[in-house]
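What the coordinates show
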Amino acid sequence: MEDKDGKIVRLIKHGRKGLIHALFSRLGLVILLLVLQVLFLLGVFKWFEGLLPHIWGATVLMMAGVVIYLLNSRIDPSAKMTWLIIILLMPVFGALLFWYTQSEVGHRALKMRMDHLLRQTKEVIPQSEPVMERFSEATPGAAALAKYISRTGCYPVYENTEVTYFPLGEYKFEEMLRQLEKAQKYIFLEYFIVDEGVMWGRVLDVLKRKAKEGVDVRVMYDGTCEFSLLPRDYPKRLKKLGIKCKVFAPLTPFVSTYYNYRDHRKIMVIDGHTAFNGGVNLADEYINEFEKHGHWKDTAVMLRGDAAKSFTLMFLQMWNITEREPVFDPFLEEDLSAAPVGGFVMPYGDCPLDGERVGERVYLDMLNRAQSYVHIMSPYLILDAEMENALRYAAERGVEVSLILPGIPDKKIPYALAKTHYSALLDAGVHIYEYMPGFVHAKVFVADGKEAVVGTINLDYRSLYHHFECATYMNGVGCIPEMEDDYKKTRDQCRSVVKSTIWEGHRGLRVVGAVLKAVAPLL
């Protein structure tokens with residue numbers, strides 16, 4: 001159906017979405033079955049705990065074994081501490097829960113499939129040696145970072161890529177519609193959130209018309225959308241419009257650690273030569289069509305040229321997880337013949353199943369190499385010890401480290417956890433600002449006026465450890481001064497946080513933050 005102006009396409013009738021409808025649909029049955037399984041598992045754990053007086057010796061041995069395993073594992077130190085606390089407080093339950101989460105129940109097949117796809121495409125886009133030589137000569141430190149990233153997947157460094165920076169989601173939306181109209185071969189969309197409304201309705205109008213013209217249109221979104229935003233049969237509704245659609249990790253009636261890994265990426269690729277990346281999802285709050293948590297501050301970039309090819313590959317890797325015969329080459333072989341543009345661009349992804357924390361290490365590397373300043377925007381601040389120490393050390397050695405965080409939170413618990421880091425950061429000389437008009441959803445790093453990252457990667461455990469993510473690294477690109485200017489304009493709308501004002505107006509959250517910090521890595 002279409003709205004009166006013929007531009008906003010809706011596939012859901014008013015009143016047929018949301019939590020209540022989800023609970024009384026097929027999805028509701030899935031949720032009920034999941035709850036029953038959780039209760040059953042808790043009962044099993046409780047039963048084991050009830051036998052504790054009879055098997056105390058075995059319990060001590062089991063607990064000792066788990067602790068030794070923990071201390072010798074590659075698990076993040078903060079997560080190790082959390083698990084040690086849980087196991088010491090609840091020996092049997094804690095040990096069994098730890099075993100269950102580490103046993104890869106349900107996501108082993110996903111891990112094997114992703115490993116295969118990453119190996120299969122490791123060299124599908126060759127790195128231009130002349131480009132890498134020029135990058136190494138211009139910035140040796142950043143070139144070393146690029147070599148590390150290339151170990152984890154096919155992420156070349158490119159020249160000849162024009163980058164446009166969007167300081168708000170509505171600006172990205174306007175340009176996205178213009179570029180979609182130009183599509184001739186294919187349109188790929190991969191988003192964490194898709195929600196019907198003005199933004200998605202306008203986009204869907206273009207996708208529907210392009211599909212009728214013979215353009216290969218594919219849409220992929222995360223399975224969490226099925227909980228309250230989209231009905232379970234939404235892919236079938238899109239298929240009727242000629243649009244191919246897949247859902248990453250849809251909810252099924254099987255309790256699994258598989259659900260811990262979400263597709264948090266935001267990618268749009270048009271004909272292989274134009275790509276969008278950043279924090280903006282396909283929902284109305286991201287373009288301030290309505291106020292959800294005050295004014296929504298978000299950012300994005302558009303790549304036109306060689307580097308867009310990497311986002312094509314990233315999309316195809318996720319799309320082909322469920323394909324028996326993956327197809328890559330037809331979409332990657334075309335010579336884009338991009339016009340010469342200054343600077344270097346490197347899109348990259350972060351897979352939570354390969355043991356590499358690429359997103360965090362890029363941020364750490366920029367902090368450790370910075371000489372003058374690092375300016376950061378993030379919606380969340382739930383840090384492991386390594387990231388907190390890097391922020392503090394950069395400030396202590398004279399680098400201006402400045403963080404812009406939300407003034408109006410979207411979730412109380414992450415907001416409380418963020419504030420537990422403020423005191424230590426402020427003591428080290430880190431500047432913290434809260435955006436008073438509303439919520440900051442941007443994920444931006446700008447360092448020394450010459451390198452920057454815009455993408456989907458938050459400064460929290462979920463982004464850095466558990467989500468599929470992506471971002472665009474830029475060095476010497478023409479829009480970096482625009483990013484720095486936007487940062488300063490945003491900072492002008494913020495309040496500067498000092499130690500005496502950390503909990504101002506939110507003192508009730510202080511206890512919540514202190515208590516939950518012990519289990520932050522598991523949230």
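It should be noted that the structure appears before, not after, this text.
Here's a quick rundown of the structure. (Residues numbered from 1 in each chain as written. Predicted model: local features only at pLDDT ≥ 70, side-chain atom pairs only at ≥ 80, totals over all residues. Heavy atoms only, no water.)

This next bit is on the overall build of the protein chain. From N to C terminus, the protein chain includes 20 helices and 18 strands. Burial status across the protein chain gives 58% buried among its 523 residues. Partitioning the contacts of the protein chain with sequence separation of at least 6, the portion at a separation of at least 24 is 82%. Of the accessible surface of the protein chain, which amounts to about 22200 Å², a share of 58% is contributed by carbon and sulfur atoms. (Helix = DSSP H or I, 4+ residues; strand = E, 2+ residues; numbered from the N terminus. Buried < 20%, exposed > 50% of the residue type's maximum accessible area, 1.4 Å probe, protein only. Contact = heavy atoms within 4.5 Å. Areas by Shrake-Rupley, 256 points an atom, 1.4 Å probe, with all protein chains shown as cover.)

Attention now moves to the pairing of strand 11 (residues 373–377). Here strand 11 lies mainly inside the structure; five of its five residues are buried. Residue alternation in strand 11 divides its side chains into two sets, Y373, H375 and M377 and V374 and I376, and both sets are buried. In terms of strand pairing, strand 11 meets strand 12 (residues 400–406) through five bridges, oriented parallel. Residue pairing in the sheet places M377 in a bridge with I404 of strand 12. A crossover connection joins strand 11 to the parallel strand 12 through helix 16 (residues 385–396); in handedness this β-α-β unit is right-handed. Here strand 11 pairs with strand 15 (residues 444–447) via four bridges, running antiparallel. Opposite M377, over in strand 15, you have V444 as the bridge partner. (Pairing = 2+ DSSP bridges. Right-handed = clockwise from strand over helix to strand, strands pointing away.)

With that out of the way, let us pick up the nonpolar core. By size, the foremost hydrophobic cluster in this structure holds 115 residues, and its most contacted members are Y348, M474 and M483. The element that contributes the greatest number of residues to this core is helix 13 (residues 308–319), accounting for eight residues. In this structure, M474 is in contact with V163, V301, F344, K450, E451, A452, V453, V454, C479, I480 and M483, ignoring residues within four places of it in sequence. One finds L180, L189, V203 and M268 within the second-largest nonpolar core, a separate group that totals 47 residues. (Core = buried A, V, L, I, M, F, W, Y, C linked by side-chain atoms within 4.5 Å.)

For strand 16 (residues 451–455), the tally of buried residues reaches five of five residues, placing the bulk of the element in the interior. Neither face of strand 16 is left uncovered, since the one carrying E451, V453 and G455 and the one carrying A452 and V454 both have all their residues buried. Two strands pair when backbone bridges link them, and strand 15 and strand 16 are joined in this way by four bridges, in the antiparallel orientation. Looking at strand 16, one finds that V444 is bridged to V454. Counted along the chain from strand 15 to the antiparallel partner strand 16, the turn is three residues long, and its residue D448 has a positive phi close to 55 degrees.

Close contact between helix 17 (residues 412–428) and helix 20 (residues 508–516) brings their axes to 8 Å; oriented N to C, the two are set at 80 degrees. Taken as axis vectors, helix 17 and helix 20 run roughly perpendicular relative to one another. Here helix 17 contributes K412, I413, Y415, A416, L417 and T420 to the contact with helix 20, which in turn contributes L509, V512, G513, A514 and L516. Of the residues contributing to the contact of helix 17 with helix 20, the split by class is eight nonpolar, two polar and one charged. (Axes fitted to C-alpha atoms, helices over the stretch in contact; angles between N-to-C directions. Parallel < 35°, antiparallel > 145°, perpendicular 65-115°, else oblique. Nonpolar A, V, L, I, M, F, W, Y, C, P; charged D, E, K, R; others polar.)

A few words on the environment of E482. With respect to the element layout, E482 can be found in helix 19 (residues 480–491). Residue classification places E482 among the partly exposed residues on the basis of a relative accessible area of 46%. With 33 residues separating them along the chain, E482 and G449 place their C-alpha atoms 9.9 Å apart.

Moving on, we come to the packing of aromatic side chains. Each pair of aromatic rings is reported with the distance of its centres and the angle of its planes. Under the definition given, this model contains 13 aromatic pairs. Arranged with centres 5.6 Å apart and planes meeting at 25 degrees, the rings of F315 and W319 form a pair that is stacked. Taken as a pair, F315 and W319 lie in helix 13 at a separation of four residues, close to a single helical turn. The pair formed by F315 and W319 is uniform in burial state, with each residue classed as buried. Linked through ring pairs, Y186, F188, F315, W319 and F331 together constitute an aromatic cluster. R491 extends its terminal NZ or CZ atom over the ring of Y433, reaching a point 6.0 Å from the ring centre. (Phe/Tyr/Trp six-rings, centres within 6.5 Å; stacked < 30°, edge-to-face > 60°. Lys NZ or Arg CZ within 6 Å of the ring centre and 35° of its normal.)

Mapped onto the fold, K266 is located in the loop between strand 5 (262–263) and strand 6 (267–270). No salt bridge forms around the buried K266; measuring N to O, its nearest opposite-charge neighbour E469 is 5.4 Å away. Among the polar contacts listed, one links the side chain of K266 to the backbone oxygen of H264, at a separation of 3.0 Å. (Lys, Arg positive; Asp, Glu negative; His and termini not counted. Salt bridge = Lys/Arg side-chain N within 4 Å of Asp/Glu carboxyl O. Polar contact = N/O pair within 3.5 Å; in protein donor to acceptor, adjacent residues only side chain to side chain.)

Here we come to unusual backbone geometry. Most peptide bonds adopt trans geometry, and most residues besides glycine take a negative phi value. With phi around 55 degrees, D271 is a residue other than glycine that occupies positive phi space. You can call D271 buried: its relative accessible area is 7%. Residues other than glycine seldom take positive phi values, yet D448 does so here, at roughly 55 degrees. Among the structural elements, D448 can be located in the loop between strand 15 and strand 16.

It is worth spelling out the packing of helix 15 (residues 358–369) against helix 16 at this point. Contact geometry for helix 15 and helix 16: axes closest at 9 Å, N-to-C directions at 20 degrees. Taken together, the axes of helix 15 and helix 16 are roughly parallel relative to one another. Helix-helix and strand crossings are classified by hand; for helix 15 and helix 16 the assignment is left-handed. Taken together, the residues of helix 16 that come into contact with helix 15 (itself represented by E360, Y363, L364, L367 and N368) are E386, M387, A390, L391 and A394. Taken together, the residues of the contact of helix 15 with helix 16 sort by class into seven nonpolar, one polar and two charged. (Left-handed = near helix turned anticlockwise from the far one by under 90°.)

A few words now on the environment of L230. Along the chain, L230 falls in the loop between helix 11 (225–228) and helix 12 (234–239). For L230, a relative accessible area of 3% gives the class buried. It is 8.0 Å that separates the C-alpha atoms of L230 and I12, two residues lying 218 residues apart in sequence. With residues near it in sequence (within four places) discarded, L230 still touches I12, V194, E196, Y221 and C225.

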